[in-house]
Amino acid sequence: MVTDPIADFLTRIRNAQLASHRIVEVPASNLKKRLTEILYEKGYILKYKFEEDSKQGLIKIALKYDPQTKQPAIHSLERVSRPGLRRYAKPADFRRVKNGLGIAIVSTSKGVMTDKEAQAQHVGGEVLCHIY
């Protein structure tokens, strides 16, 4: 039983990149699907596919690497809020990730979105993770 599904999602991606895998499979949930869509929109992964099965479904993620140096597109995945210590922020309190080069993913009342989208819509929420 997984107590923190978001940390499990991030760890699976991190471990797959360290092992230079092209594809990683993650058990699906609506939150993980939205996190995957954000990673794709921001160019951190090549593509993704949602597959239904008799259980909860799977998300297949094709990881992105630099063709010359073979370095992964995602340099760091960092879980911010966790079950034992939730981290919330107002739109004015979002800190810049890697001096503006990275993104923070925030769970708001209007859905899961990046920190910049949350600031534009003037909503705060739980800071799930930082990616750069």
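Just so we're clear, the structure is a prediction, and the values are computed from it rather than from any experiment.

Draft legend 1. Representation of the pairing of strand S2 (residues 45-51) within the structure. Sheet analysis places S2 next to strand S3 (residues 58-63), joined by six bridges and oriented antiparallel. Note that in S3 the partner of Glu51 across the bridge is Leu58. Hairpin connection, S2 to S3: the antiparallel pair is bridged by six residues, and Gly57 has positive phi, about 100°.

Draft legend 2. Structural context of helix H2 (residues 30-41). Taking 1.5 Å per residue, twelve residues should reach 16 Å; H2 reaches 17 Å between its end C-alpha atoms and fits that length. All of the buried residues along H2 are Lys32, Leu35, Thr36, Ile38 and Leu39. Seen end-on, H2 carries its buried residues on one side only, within an arc spanning 160°. Directly beyond the C-terminal end of H2, a positive phi value near 85° is found at Gly43.

Draft legend 3. How the structure looks around the packing of aromatic side chains. Summed over the entire model, instances satisfying the criterion amount to two aromatic pairs. Ring geometry for Tyr40 and Tyr48: centres 5.3 Å apart, planes at 75°, overall edge-to-face. Looking at Tyr40, the relative accessible area reads 41%, which means it is partly exposed. The exposure class of Tyr48 is partly exposed, given its relative accessible area of 29%. Ring geometry for Tyr48 versus Phe50: centroids 5.1 Å apart, planes at 45°, classification tilted.

Draft legend 4. Layout of the packing of helix H1 (residues 5-18) against H2. Taken N-terminus to C-terminus, the directions of H1 and H2 make an angle of 40°; their axes are 10 Å apart at the nearest point. Between H1 and H2, the angle falls in the class oblique. Helix-helix and strand crossings are classified by hand; for H1 and H2 the assignment is right-handed. Contacts between H1 and H2 involve Pro5, Ile6, Phe9 and Ile13 from the first element and Leu31, Lys32, Leu35, Thr36 and Leu39 from the second. Residue classes in the contact of H1 with H2 are distributed as seven nonpolar, one polar and one charged.

Draft legend 5. Representation of unusual backbone geometry in the model. Its identity as a non-glycine residue notwithstanding, Ser20 has a phi of 60°, on the positive side. Examined against the element boundaries, Ser20 turns out to sit in the loop between H1 and strand S1 (23-27).

Draft legend 6. Representation of the side chain of Ser76 in the model. Counting through the fold element by element, Ser76 comes out in the loop between S3 and strand S4 (77-79). Apart from the residues lying within four places of it in its own chain, the contact partners of Ser76 are His130, Ile131 and Tyr132.

Draft legend 7. Summary view of the pattern of salt bridges. Enumeration according to the criterion identifies nine salt bridges in this entry. One salt bridge connects Lys60 with Glu51, and the closest N-O pair in it is separated by 3.6 Å. By relative accessible area, which is 23% here, Glu51 ends up partly exposed. Put simply, Glu25, Lys49, Glu51 and Lys60 are held in one network by salt bridges that share partners.

Draft legend 8. Seen up close, H1. The end-to-end C-alpha distance of H1 is 20 Å, a good match for the 20 Å that 14 residues give at a rise of 1.5 Å each. Those residues of H1 not exposed but buried are Ile6, Asp8, Phe9, Leu10, Ile13, Ala16 and Gln17. Tucked into the core, H1 has its buried residues touching S1, H2, S3, S4 and strand S8 (125-131). Once H1 ends, the next one or two residues include Ser20, with phi positive near 60°.

Criteria and thresholds
Residues numbered from 1 in each chain as written. Predicted model: local features only at pLDDT ≥ 70, side-chain atom pairs only at ≥ 80, totals over all residues. Heavy atoms only, no water. Pairing = 2+ DSSP bridges. Helix = DSSP H or I, 4+ residues; strand = E, 2+ residues; numbered from the N terminus. Expected span 1.5 Å × (residues − 1). Buried < 20%, exposed > 50% of the residue type's maximum accessible area, 1.4 Å probe, protein only. Arc of directions from axis to C-beta. Phe/Tyr/Trp six-rings, centres within 6.5 Å; stacked < 30°, edge-to-face > 60°. Axes fitted to C-alpha atoms, helices over the stretch in contact; angles between N-to-C directions. Parallel < 35°, antiparallel > 145°, perpendicular 65-115°, else oblique. Left-handed = near helix turned anticlockwise from the far one by under 90°. Contact = heavy atoms within 4.5 Å. Nonpolar A, V, L, I, M, F, W, Y, C, P; charged D, E, K, R; others polar. Salt bridge = Lys/Arg side-chain N within 4 Å of Asp/Glu carboxyl O.

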